[in-house]
Amino acid sequence: MIDLACRIVLLADRPDLIPTLTDWFAAEWEPYYGAGGPGDAGSDLRGCLNRDTLPVALVALDADDTLLGTAALKEESVGSELGVGPWLAAFLVAPEHRGRGVGTALVAAIEGEAARLGFAEIYTSTDTADGILKRRGWLPFGDTESLRGPLKIYRFSTGG
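An account of the accompanying structure is given in this report.

What counts, and at which threshold
- Residues numbered from 1 in each chain as written.
- Predicted model: local features only at pLDDT ≥ 70, side-chain atom pairs only at ≥ 80, totals over all residues.
- Heavy atoms only, no water.
- Phe/Tyr/Trp six-rings, centres within 6.5 Å; stacked < 30°, edge-to-face > 60°.
- Core = buried A, V, L, I, M, F, W, Y, C linked by side-chain atoms within 4.5 Å.
- Buried < 20%, exposed > 50% of the residue type's maximum accessible area, 1.4 Å probe, protein only.
- Helix = DSSP H or I, 4+ residues; strand = E, 2+ residues; numbered from the N terminus.
- Contact = heavy atoms within 4.5 Å.
- Disulfide = S-S within 2.5 Å.
- Arc of directions from axis to C-beta.

## Focus: the packing of aromatic side chains
Logical step 1: With the rule as written, the count across this model stands at six aromatic pairs.
Logical step 2: With a centroid separation of 5.0 Å and an interplanar angle of 85°, the aromatic rings of Phe25 and Trp29 are classed as edge-to-face.
Logical step 3: Each member of the aromatic cluster is reached from another via a ring pair, and the members are Phe25, Trp29, Tyr32 and Tyr33.

## Describing the nonpolar core
Logical step 1: In terms of nonpolar packing, the biggest core is built from 24 residues, with Leu88, Phe91, Leu106 and Trp138 touching the most fellow members.
Logical step 2: Mapped by element, the contributors of at least two residues to this core are strand 2 (56-61), strand 3 (67-74), strand 4 (87-93), helix 4 (102-116), helix 5 (130-135) and strand 7 (149-157).
Logical step 3: With five residues, the top contributor of residues to this core is helix 4.
Logical step 4: Ignoring anything within four residues of it in the chain, the contact list for Leu88 reads Ala71, Ala72, Leu73, Val107, Ile110, Tyr123, Thr124, Leu133 and Trp138.
Logical step 5: Leu11, Ile18, Ala41 and Cys48 belong to the second-largest nonpolar core, a separate cluster that totals 19 residues.

## Concerning the state of the cysteines
Logical step 1: This structure, assessed with the given rule, holds zero disulfides.
Logical step 2: Free cysteine: Cys48, not disulfide-bonded; nearest cysteine sulfur from Cys6 at 19 Å.
Logical step 3: On the basis of relative accessibility, which here comes to 3%, the residue Cys48 falls in the buried class.

## Thoughts on helix 1 (residues 18-28)
Logical step 1: Those residues of helix 1 that sit buried are Ile18, Leu21, Trp24 and Phe25. Summarising the axial view, the buried residues of helix 1 lie within an arc of 115°, below the 170-degree limit, and thus occupy one face. Away from its buried face, by an angle of more than 90 degrees, helix 1 presents the exposed residues Pro19, Asp23 and Ala27.
Logical step 2: Against the buried residues of helix 1 lie helix 2 (30-33), helix 3 (41-46), strand 2, strand 3 and strand 4.

Structure below.
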């Protein structure tokens, strides 16, 4: 249930949030973005500062402009080896704001962005957001592996 008012904006409108998001990514996806991992969260986030082309990232903010979470629509993600896309990726809600509707709002916003950009289907891989995805009508598509372990892949039809 949504019990927290939030607004969703493009990361392109709030690039000042990249340092905080970089820290969040390193903590959440430590094997990839943490010390010694192969990823560069700052570079990946700066690459998402687009408005009308992929990759594009969104951020959720509360009424006080506090960062609540983020999600991106990218050409590739974990699971791209299946030859499908684009992907809902980099989906993260701050732990203290989970279970309050922020994740659902971000997924809905990414679905809207995908439709706006002309994508009929989008995919995602997850080991944590199954409930949100199922409630929003995402369908199981397959399985893959990440540095953290097994992931489920879901598909969503945007109607676009």
